[in-house]
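A structural walkthrough
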Amino acid sequence: MDAYLPKPEDKFTFGLWTVGNPGRDPFGEPTRSRMDPVHTVRKLSELGAWGVNFHDNDLVPIDASTAERDRIVADFKKALGDHNMVVPMATTNLFGDPAFKDGAFTSADSRVRAYALQKTMQAMDLGAEFGAKTYVFWGGREGAEVDAGGVMNDGLKRFRDAINFLCDYNHDQGYGYRFALEPKPNEPRGDLFLPTAGAMLGFIATLDQPDMVGVNPEFAHDTMAGLNFAHALAQIIDAGKLFHVDLNDQKMGRFDQDLRFGAENLKTAFFTVKLLEESGYDGPRHFDAHALRTEDEDGVWAFAAGCMRTYLILKDKVARFAADTEIQDMIRAYTVTEPDLDGLGQGYSADKAARLKSMTFDRHALGSRRVDLERLDQLTVEILMGVR
Ligand code: GLT
Ligand code: MN
Ligand code: MN
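For the structure given in this document, a descriptive report is provided here. Treat the numbers as computed from the prediction; the structure is a model and nothing was measured.

**Observations regarding the coordination of the manganese ion (ligand 3)**
The reference angle at a metal is 109.5 degrees if four donors form a tetrahedron and 90 or 180 degrees if six donors form an octahedron. On the protein side, the manganese ion (ligand 3) has Glu218 (OE), His221 (NE2) and Asp258 (OD) as donor atoms, found 2.1 to 2.7 Å from it. Here the donor residues for the manganese ion (ligand 3) map to a single chain with the spacing E-x2-H-x36-D. Here the manganese ion (ligand 2) and the manganese ion (ligand 3) are spaced 4.5 Å from one another, each receiving a donor from Glu218. Here Asp258 lies in the loop between β9 (246-247) and α10 (266-278) and His221 lies in helix α8 (residues 219-224), a separation of 37 residues in the sequence. For Asp258, a relative accessible area of 11% gives the class buried.

Right under this line is the structure:
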């Protein structure tokens, strides 16, 4: 029995737009044809995925009639039931249509902002029909190339108004969504607003209903900017705001590659899985990636299977890391804990301040302590290379 075979309990999900990505890029036409959502559901369930997510227009074309919409929804619902698949997350496409060329919620044009709200409410209605409980907001066009128009100043206020409005709509309809805002530094706009997890957390604190709103971090988005995704993830978990996660991979400092999970940065992928598995996060493990443009449909399924398999192999490595007595002894030795000293630094009092100020520290001893991180890192690498 293959220990790395995905099962629904693993909560792996893909977006219709991920495995359905036709391989278009700024320089070339699609290399694959559009994939039927019903077919996608069947194939993903055969591979062991738990669920599938969508943007409104991944499922229902933007110009579909009501009759078409109803037929598509019925067919998709039947496919989900037939294959025991769920829709844990839904979202709105506020970036593809030319109407959103200069922003959606943050557009300088109030007609575009109103249309974006209308489209999002309709997409929330659609997601709720499938029982989605997480609603993602990725502001793909919320940004600028030209700052002279002032959208940089007004954009955040407009974005806040939109999210506040939609929180109330969520409440009013009784949908029970949790909103997950997804940061990205750039692309498709020259600069996107709220580019990092920290920026998103700061913004969430300014909302009317901050408890309803968390973060959907993406591995590739931090990596593009040269940041360490595992650190961003740790901060989001620390803030209690990990509402969803987008897993993929990416070379640093490049355009958004959306590579197969684990394809480039295995060590950061390992620490990502470690955080997800050990933090108590029990939401979907969503792969927001796509097959290389070189691939045909078989390559797409190899890509999807690879994302899940790599996650499960890394999960196994996480367990090995935790069970490795040499590694755990080294971590214990690395962590110097003196409860009296820690007590002094936790919870201010004038007495504690005076005691700390009167203490004598041996700087030279502190500076010459043996930290031994080279060996610890080597052991981690050896776990990843499969020799421990
Ligand atoms: C798009 C983007 C992703 C977002 C998706 C949700 S769409 O693929 O690159 O990062 O998560 O809107
Ligand atoms: Mn994403
Ligand atoms: Mn991406």
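Here the narrative resumes.
**A few points about the site of ligand 1**
Residues in close proximity to ligand 1 include Trp17, His55, Phe95, Trp138, Glu182, Glu218, His221, Asp246, Asp256 and Asp288, which together make up its full environment. Within the side chain of Glu218, one N or O atom sits 2.8 Å away from an oxygen atom of ligand 1. Within the side chain of Asp246, an N or O atom sits 3.0 Å from an oxygen atom of ligand 1. Relative to its unbound accessible surface of 310 Å², ligand 1 loses 91% to contact with the protein. Mapping ligand 1 onto the cavity grids shows that it belongs to the largest pocket.

**Quick word on the coordination of the manganese ion (ligand 2)**
Taken together, Glu182 (OE), Glu218 (OE), Asp246 (OD) and Asp288 (OD) make up the full set of protein donors to the manganese ion (ligand 2), lying 1.9 to 2.2 Å away. Positions of the donor residues of the manganese ion (ligand 2) along the chain correspond to the pattern E-x35-E-x27-D-x41-D.

**Digging into the pairing of strand β1 (residues 12-15)**
Alternating residues of β1 divide into Phe12 and Phe14 and Thr13 and Gly15, and every residue in both groups is buried. Where β1 and strand β10 (residues 285-287) come together, three bridges link them in parallel fashion. Within the sheet, the bridge partner assigned to Thr13 lies in β10 and is His286. Where β1 lies against strand β2 (residues 51-55), three bridges are found, and the strand directions are parallel.

**Things to note about the pairing of strand β6 (residues 178-182)**
Regular strands place side chains that alternate from one sheet face to the opposite one. For β6, the tally of buried residues reaches four of five residues, placing the bulk of the element in the interior. Where β6 lies against strand β8 (residues 213-215), three bridges are found, and the strand directions are parallel. Of the residues in β8, the one forming a bridge with Ala180 is Gly214.

**With respect to the pattern of salt bridges**
Within the structure shown, the criterion is met by 28 salt bridges. We note a salt bridge from Glu129 to Lys77, for which the minimum N-O separation is 3.3 Å. Of this pair, Glu129 sits in helix α5 (residues 110-129) while Lys77 sits in helix α4 (residues 66-82), and the two are 52 residues apart along the sequence. Relative accessible area serves as the criterion here: at 37%, Lys77 is assigned to the partly exposed category. Across the pair Glu264 and Lys251 runs a salt bridge whose closest N-O atoms are separated by 3.6 Å. Taken as a pair, Glu264 in the loop between β9 and α10 and Lys251 in the loop between β9 and α10 lie far apart in primary sequence, 13 residues in all. One salt-bridge network, held together by shared partners, links Asp324, Glu326, Arg370, Asp372, Arg375 and Arg388.

What counts and how
- Residues numbered from 1 in each chain as written.
- Chains lettered and ligands numbered in written order.
- Predicted model: local features only at pLDDT ≥ 70, side-chain atom pairs only at ≥ 80, totals over all residues.
- Heavy atoms only, no water.
- Donors = N, O, S within 2.8 Å, 3.2 Å for Na, K, Ca; no water.
- Helix = DSSP H or I, 4+ residues; strand = E, 2+ residues; numbered from the N terminus.
- Buried < 20%, exposed > 50% of the residue type's maximum accessible area, 1.4 Å probe, protein only.
- Near = heavy atom within 4 Å.
- Polar contact = N/O pair within 3.5 Å; in protein donor to acceptor, adjacent residues only side chain to side chain.
- Areas by Shrake-Rupley, 256 points an atom, 1.4 Å probe, with all protein chains shown as cover.
- 1 Å grid on protein atoms, 1.4 Å probe; cavity = no way out; pocket = protein on both sides within 12 Å on 5 of 7 lines; lining within 4 Å.
- Sits in = over half its atoms within 2 Å of the grid points.
- Pairing = 2+ DSSP bridges.
- Salt bridge = Lys/Arg side-chain N within 4 Å of Asp/Glu carboxyl O.

Keep in mind these numbers describe shape, not what the thing actually does.
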